[in-house]
Amino acid sequence: MKLTPLHDRVIVKRLEVETKTASGIYIPDNAAEKPDQGEVLAVGPGKKNDKGELSAMSVKVGDRVLFGKYSGQSVKVDGDELLVMKEDDLFAVVS
């Protein structure tokens, strides 16, 4: 299945969680926090302004982004858990 976001929405895949601390302690899955970074997999065409003109998106496919821990709608596609969220829900692009 392939998802194509509409309007100003993006599809993000969360980055894997570190299961080991810097000091070597392993963190069990149920105690680990959800990661707040991900990779943009797909980008919608943009949002229309009041004049009906399409505003370009600020992010592109492949960008690594920061977002809130509870942002977006979670969906499963081919066994992968993906997030669908508005571009406004993204905080920053990580370089």
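Note: the structure precedes this text.
Residues numbered from 1 in each chain as written. Predicted model: local features only at pLDDT ≥ 70, side-chain atom pairs only at ≥ 80, totals over all residues. Heavy atoms only, no water.

Asker: Please explain the overall build of the protein as it appears in this structure.
Answerer: Of regular secondary structure, the protein possesses 0 helices and 8 strands. The secondary structure elements of the protein, listed N-terminal to C-terminal, are β-β-β-β-β-β-β-β. Across the 95 residues that make up the protein, the buried fraction comes to 26%. Intrachain contacts of the protein at a sequence separation of at least 6 include 61% that bridge at least 24 residues. (Helix = DSSP H or I, 4+ residues; strand = E, 2+ residues; numbered from the N terminus. Buried < 20%, exposed > 50% of the residue type's maximum accessible area, 1.4 Å probe, protein only. Contact = heavy atoms within 4.5 Å.)

Asker: I'm lost on the pairing of strand E2 (residues 37-43) in this one. Help?
Answerer: Remember that side chains alternate between the two faces of the sheet whenever the strand is regular. The pairing of strand E1 (residues 9-14) with E2 spans 5 bridges and is classified as antiparallel. In the strand pairing of E2, Val12 is matched with Val40. Relative to strand E5 (residues 64-67), E2 is paired through 3 bridges, and the arrangement is antiparallel. Among the inter-strand pairings, Glu39 is bridged to a residue of E5, identified as Arg64. (Pairing = 2+ DSSP bridges.)

Asker: Could you clarify how one ought to interpret the environment of His7 in this entry?
Answerer: Assignment of secondary structure puts His7 in the segment before E1. C-alpha of His7 to C-alpha of Lys48: the two residues are 41 residues apart in sequence and 7.8 Å apart in space. Residues contacting His7, with those up to four places away along its chain left out, are Gly44, Pro45, Gly46, Lys47 and Met57.

Asker: Looking at this structure, I do not really get the side chain of Arg14. What am I missing?
Answerer: With respect to the secondary-structure elements, Arg14 resides in strand E1. Of the side chains with opposite charge, Glu81 lies nearest to the buried Arg14, which makes no salt bridge, at 5.1 Å. A distance of 3.3 Å separates the side chain of Arg14 from the backbone oxygen of Lys69, its partner in a polar contact. (Lys, Arg positive; Asp, Glu negative; His and termini not counted. Salt bridge = Lys/Arg side-chain N within 4 Å of Asp/Glu carboxyl O. Polar contact = N/O pair within 3.5 Å; in protein donor to acceptor, adjacent residues only side chain to side chain.)

Asker: Would you mind going over the nonpolar core with me for this structure?
Answerer: A general feature of soluble globular proteins is that nonpolar side chains tend to end up buried together. In this structure, Val10, Val12, Val40, Met57, Val59, Val65, Phe67, Leu83, Met85 and Leu90 together form the largest nonpolar core, which totals 10 residues. Beyond its immediate chain neighbours, meaning those up to four positions away, Val59 contacts Val10, Val43, Val65, Glu87, Leu90 and Val93. (Core = buried A, V, L, I, M, F, W, Y, C linked by side-chain atoms within 4.5 Å.)

Asker: How should I be thinking about the pattern of salt bridges in this particular structure?
Answerer: Summed over all chains, the structure comprises 2 salt bridges. A salt bridge links Asp80 to Lys13, with the nearest nitrogen and oxygen atoms 3.9 Å apart. With Asp80 in strand E7 (residues 80-86) and Lys13 in strand E1, the pair connects residues that are 67 residues apart, well separated along the chain. Residue classification places Lys13 among the partly exposed residues on the basis of a relative accessible area of 31%. Lys60 is the salt-bridge partner of Asp63, the closest N and O atoms lying 3.1 Å from each other. When its relative accessible area of 11% is taken as the criterion, Asp63 is described as buried. Taking relative accessible area as the criterion, Lys60 reaches 54% and is therefore assigned exposed.

Nothing here speaks to function; it is geometry throughout.
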